[in-house]
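What follows is the residue order along each chain.
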Amino acid sequence: MSRGRWLCAAGAAAAGLIALQLLPARVDPLPPQGYRMDRESAIQRARAVSLKFGVDATHWRPLVESDLDAGVADWSRTYARDDSDRLKTPFFVTVLLTAPASERKVRIVLGATGGLQSYAEENGAGSRKSSRDAATVAADALAEMTGKQAPSFRPTTTAARARDALDFVWEAPSSRPELNTWTARASVGPEGLRSCSIDANFAARIREERVSSRAALTLLDAVGAAIFLILFSVALILSVFAWIRRRLYRPLLFAGAFIGAASFILDVYFGSAGDAQAIRTAGSQMAAGLLLGVLIGTIAWACPAAVGEAWTRTVIPCAWKSLVAASSGALRARIVGSSAASGFLFGILGAAVPFVVLFLFPAASWSSFAEAQLASPWPALEWLFPPVPLTPLATVAFLIPLISAKVRWLPVAVALQFAVAWLAELNSPWLEGNTSAVLLVAAAGAMLVVAVFRAYDVLTALLVVSVSRAILFSLWYAATASPALRGSAGTMHVLLGAVFVASLVIAWRGREVAEDLRAPDSELEPVSQRERLKSEFSLAREAQQRMLPATAPSVPGMEIAAVCQPAREVGGDLYDYLRLADGRQAFIVADVSGKGMPAALYMTLTKGLLAAASEECDDLAEIASRLNRHLREAGRRRVFVTAALAAADPRSGALEYVRAGHNPVVWCSPARGFTRLVRPNGMGLGVGPPALFAKTLEMERIEMAEGDSVVLYSDGVTEAMNAALELYGEERLERAVAAAAALDAHGIRQAILADLKGFLAGEPPQDDVTVLVLKAARAGAVSEREHAGAATLGKTQPLTGDPTLG
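Residues numbered from 1 in each chain as written. Predicted model: local features only at pLDDT ≥ 70, side-chain atom pairs only at ≥ 80, totals over all residues. Heavy atoms only, no water.

### As for the overall build of the protein
Inference 1: Along the protein, the regular secondary structure elements total 22 helices and 21 strands.
Inference 2: For the protein, the residues scored as buried account for 52% of the 806 residues in total.
Inference 3: Here the contacts in the protein between residues at least 6 apart in sequence split such that 72% fall between residues at least 24 apart.
Inference 4: In the structure as shown, the protein presents an accessible area of about 35,100 Å², 59% of it carried by carbon and sulfur atoms. (Helix = DSSP H or I, 4+ residues; strand = E, 2+ residues; numbered from the N terminus. Buried < 20%, exposed > 50% of the residue type's maximum accessible area, 1.4 Å probe, protein only. Contact = heavy atoms within 4.5 Å. Areas by Shrake-Rupley, 256 points an atom, 1.4 Å probe, with all protein chains shown as cover.)

In structure tokens form, the structure reads like this:
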């Protein structure tokens, strides 16, 4: 990486550090001020509360969750004056204690300071009976919930009997009773306390203010969520296409599977099971959950990144080199260290952005961006699984590269990239309470991400999001009154520092890797070895091209033109000319499943077997059946071949045609005024047993008149996809053949290639392209050069084609 880029990253980090040193003391403190609960202390407090009310839950299995009450948060921030206004805290922890080998449960909600906010015993109380008076139990519950404020509560009704329990209700005013009052409830049965809770009764004015203040942001959140849901669905669909065409970078999918498994183990299983005994007894439930975590991680986290790499690697390869190297396991590569270190430096600036905006807009306040992590078993590791949330990941690794690759006009591309990054930032805002502040902090974050992506690469931009998020989480933990959470903040700082130092060391002394990292299934091999492989592939391509016919056969009354263009160095398409035993000329176009070297080797096998199958035989159906039998005996069951075989009778001008799972041929007859697809039945070669293959194969006879043309082709033509993800398709091919009907065979071939090239508009072909044109000649046929539109058809291709279309 250049010195200028290092200086830019260092300057951004310095600015971020200065802001983080100066601004936190001058702005509104982080939300969890006074928060004392962490996972272990919440479990201990919940067990103590349950024991006080007659339930010994010492050995019960805990499930712990933390959350935020947004209504109470608005009240506390805007209207609270003294302790009477803070009987409920915005942050709370829910502890569910479950009895072993039983359905008995106790659900306890604790406030940020450990005060009881609700208690409920579920699924029966067992055989225990309480000797305490119901009113005394209810009074104890009220005191547990309200503490020193208990004397201000007055009963609203006498004890009301409900089934076999007594219900108690109390009310108390806040410092502003016209805006809020508090209601406490308790239900006592023969066994003791069944449930209790304390609730806020906000006035209509408070509720209306909350709705109006959040309406605009709620709308933006809904729009952003809908947009990214649609785009993620698109990414999932594209991943299926990319996987079928073997373009997905597989290590990214493996990384997603690992992240999904780790997320499940860390967040889901350990967060709910609570002890080692539960792990040993979970059995199939744990296995099923682990599988689900792997699937979700692979699909949800890996798909956007893998699809983004698959669809843009050939256009902006530099943007993917470091991420490809990292996902391939080359973590000691210098390019990975440089990108990681740069991402850490810019991430410091990203973490400072909300503080700067909050300093400019004092009316704004912090959003609750990490309440779910406060009850985690390992808060210091929460930000790692996943390292980047789905919405920013889909933006940075899918949408922004796709826009950069597909939108040619730079101002429009940058504007679109900023727009999607801005929506992604709004999806999880750092600030709230002031619309201008929320929009500004999202805009600043979007500008930083887009600028880093354009100046550096995808990995650097992803780390900006991840590191800034981790720093803000650590500051959040450090602001609490919980020693365990403050310790987690220190652990996070140490981890971030260690990874940053390691990145710098790798950037300085790491090893170099190959420059060309675009091949989806390649390993990071030394450059010399890659050059040797390129040379071998070049020789293989030349050998394969020599296997194709050098010239077309001479058939009276018929013109012949063909081309085969592999999508890679070598391919699996084949066309050939055969002389049958009865003297007729036969033609074949075949396509081996897959691409690259395996398909090319199988194509070579197919060509040899074809020669053996057609020896002393003049029946196309019999030739196809023989070829099917040979391929089943000699080939692998995972590989199959599709083929179209045609035989011309020079005396009658008729064309016999069989189709073994291949694309239908295009028959254009200007004299009779039609262009149609001819699609007799037939299954692929090497797929089914000989009896089934012969039963399904049908013969079609095409009576060709003068000027008629028949086009055999491979699916690389009709399944070619442009930048708009549209397929070329059979209808467009029919139109291209019909438009060139006046040309000779070579002209029709060139017209098809030119139309395909115009359709792709610079996109590389995804599959091998093979076209074979048979034209019934007539007197006065117009040659390609004599046709009025010849100037638009491109240059004439050599018979065996060129690796680029047109």
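Right, picking up where we left off after that structure.
### Considerations on the pattern of salt bridges
Inference 1: The final tally for this structure, using the stated rule, is 19 salt bridges.
Inference 2: We note a salt bridge from Glu-622 to Arg-626, for which the minimum N-O separation is 3.2 Å. Of this pair, Glu-622 and Arg-626 are both found in helix H18 (residues 620-634), four residues apart, which corresponds to roughly one turn of the helix.
Inference 3: A relative accessible area of 34% means that Glu-622 is categorised as partly exposed.
Inference 4: The network of salt bridges with shared partners includes Asp-582, Arg-584, Glu-656, Arg-701 and Glu-703. (Salt bridge = Lys/Arg side-chain N within 4 Å of Asp/Glu carboxyl O.)

### As for helix H22 (residues 745-760)
Inference 1: The terminal C-alpha atoms of H22 lie 23 Å apart, and with 16 residues this matches the ideal 22 Å at 1.5 Å per residue to within 8%.
Inference 2: Most of H22 is tucked away: 12 of the 16 residues are buried.
Inference 3: Among the residues of H22, Ala-745, Gly-747, Ile-748, Arg-749, Gln-750, Ala-751, Ile-752, Leu-753, Ala-754, Leu-756, Phe-759 and Leu-760 are the ones counted as buried.
Inference 4: In this structure, the buried side of H22 is in contact with strand S12 (558-565), strand S20 (709-713), helix H20 (715-718), helix H21 (729-739) and strand S21 (769-776).
Inference 5: A positive backbone phi angle near 50° is found at Ala-761, which sits one or two residues after H22. (Expected span 1.5 Å × (residues − 1).)

### A closer look at the sheet that holds strand S14 (residues 585-592)
Inference 1: Taken together, the five strands give an open sheet; going across it, the order is S13-S14-S15-S16-S19, and neighbouring strands pair in antiparallel fashion. At either margin of the open sheet sits one strand with a lone partner, and together these are strand S13 (573-579) and strand S19 (699-703). For this sheet, the mean angle separating the axes of adjacent strands, direction not counted, is 20°.
Inference 2: As paired strands, S13 and S14 are joined by seven bridges and run antiparallel to one another. Looking at S14, one finds that Leu-574 is bridged to Ala-590.
Inference 3: Packed on one face of the sheet, H18 meets S14, strand S15 (641-648), strand S16 (654-660) and S19 and runs near 155° to S15. (Pairing = 2+ DSSP bridges. Axes fitted to C-alpha atoms, helices over the stretch in contact; angles between N-to-C directions.)

### Observations regarding empty space enclosed by the protein
Inference 1: Tallied over the full model, the rule gives four cavities of 30 Å³ or more.
Inference 2: Lining the largest cavity are Pro-392, Thr-395, Val-396, Ala-421, Ala-424, Glu-425, Val-449 and Val-465.
Inference 3: When grouped by side-chain class, the residues that make up the lining of the largest cavity number six nonpolar, one polar and one charged. (1 Å grid on protein atoms, 1.4 Å probe; cavity = no way out; pocket = protein on both sides within 12 Å on 5 of 7 lines; lining within 4 Å. Points joined across faces, edges and corners; volume = space filled by probe spheres on them. Nonpolar A, V, L, I, M, F, W, Y, C, P; charged D, E, K, R; others polar.)

### Some details on the packing of helix H12 (residues 410-427) against helix H13 (residues 435-455)
Inference 1: One way to put it is that H12 packs onto H13 with a least axis distance of 8 Å and a crossing angle of 130°. With respect to H13, the element H12 is oriented oblique. The chirality of how H12 crosses H13 is right-handed. The segment H12 lies against H13, with Leu-410, Val-414, Gln-417, Phe-418, Ala-421, Trp-422, Glu-425 and Leu-426 engaging Val-438, Leu-439, Ala-442, Ala-443, Gly-445, Ala-446, Met-447, Val-449, Val-450, Phe-453 and Arg-454. (Parallel < 35°, antiparallel > 145°, perpendicular 65-115°, else oblique. Left-handed = near helix turned anticlockwise from the far one by under 90°.)

### Structural notes on the sheet that holds strand S18 (residues 674-678)
Inference 1: Taken together, five strands build an open sheet; the order of strands is S12-S21-S20-S17-S18 and the sheet is antiparallel. The open sheet has two free edges, formed respectively by S12 and S18, since each of these has just one partner strand. Strand-to-strand twist of the sheet, defined as the mean angle between neighbouring strand axes without regard to direction, takes the value 15°.

### Some remarks on the packing of aromatic side chains
Inference 1: The full count for this structure, using the stated rule, is 12 aromatic pairs.
Inference 2: Geometrically, the ring pair formed by Phe-168 and Trp-170 is stacked, given 6.1 Å between the ring centres and 10° between the ring planes. Accessibility assignment for this pair places Phe-168 and Trp-170 in one class, buried.
Inference 3: Note on Trp-667 and Phe-674: the rings are 5.0 Å apart at their centroids and 90° apart in plane angle, and the pair reads as edge-to-face. (Phe/Tyr/Trp six-rings, centres within 6.5 Å; stacked < 30°, edge-to-face > 60°.)

### What to know about a nonpolar patch on the surface
Inference 1: Together, Val-356, Phe-359, Leu-360 and Leu-440 line one region of the surface with nonpolar side chains, adding up to about 340 Å² of accessible area.
Inference 2: When residues in the nonpolar patch are grouped by element, the largest group, three residues, is from helix H10 (residues 334-360).
Inference 3: Owing to a relative accessible area of 35%, Val-356 belongs among the partly exposed residues under this scheme. (Patch = residues over 30% accessible without salt bridge, like charges linked within 9 Å, V, L, I, M, F, W, Y side chains within 5 Å.)

### Structural notes on the side chain of Thr-642
Inference 1: Tracing the sequence through the fold places Thr-642 in strand S15.
Inference 2: Thr-642 sits in the buried class, given a relative accessible area of 11%.
Inference 3: Among the polar contacts listed, one links the side chain of Thr-642 to the side chain of His-662, at a separation of 2.9 Å. (Polar contact = N/O pair within 3.5 Å; in protein donor to acceptor, adjacent residues only side chain to side chain.)

### A word on the confidence of the model for the protein
Inference 1: Per-residue pLDDT for the protein has a mean of 79; in total, 77% of the residues score no lower than 70.
Inference 2: Confidence over residues 272-281 falls short of pLDDT 50; this stretch has 14 contacts with residues more than four positions distant or in other chains.
Inference 3: When the criterion is pLDDT under 50, residues 779-806 qualifies, and its contacts beyond four places in sequence or with other chains add up to 67 contacts. (pLDDT = per-residue confidence, 0-100.)

### Comments concerning the pairing of strand S17 (residues 665-669)
Inference 1: In terms of burial, S17 is a largely internal element, five of the five residues being buried.
Inference 2: Burial of the side chains of S17 extends over both faces: Val-665, Trp-667 and Ser-669 are buried on one face and Val-666 and Cys-668 on the other.
Inference 3: Of the pairings in the sheet, the one linking S17 to S18 comprises five bridges and is antiparallel in character. Residue pairing for S18: Cys-668 is matched across the bridge by Thr-675.
Inference 4: Hairpin remark: S17 followed by S18, antiparallel, with four residues in the connecting loop; positive phi at Gly-673, about 70°.

### A look at unusual backbone geometry
Inference 1: Positive phi outside glycine occurs at Ala-761, with the angle close to 50°.
Inference 2: Mapped onto the fold, Ala-761 is located in the loop between H22 and S21.
Inference 3: On the basis of relative accessible area, Ala-761 is assigned to the exposed category, the value being 58%.

### Some words on helix H2 (residues 39-52)
Inference 1: Across its 14 residues, H2 extends 20 Å between first and last C-alpha, which sits within 8% of the 20 Å expected from 1.5 Å per residue.
Inference 2: The N-capping residue of H2, defined by a side-chain oxygen 3.1 Å from the backbone nitrogen of Glu-40, is Asp-38.

### Considerations on the nonpolar core
Inference 1: Core analysis: the biggest nonpolar cluster contains 132 residues, and Leu-116, Tyr-119, Phe-153, Leu-193 and Trp-366 have the highest contact counts within it.
Inference 2: One finds Cys-617, Ile-623, Ile-702 and Leu-774 within the second-largest nonpolar core, a separate group that totals 54 residues. (Core = buried A, V, L, I, M, F, W, Y, C linked by side-chain atoms within 4.5 Å.)

### Focus on the environment of Phe-355
Inference 1: Within the secondary structure, Phe-355 sits in helix H10.
Inference 2: On the basis of relative accessible area, Phe-355 is assigned to the buried category, the value being 2%.
Inference 3: C-alpha of Phe-355 to C-alpha of Pro-24: the two residues are 331 residues apart in sequence and 6.7 Å apart in space.
Inference 4: Phe-355 has contacts with Leu-20, Leu-23, Pro-24, Val-27, Trp-366, Leu-472 and Leu-475, leaving out every residue within four places of it along the chain.

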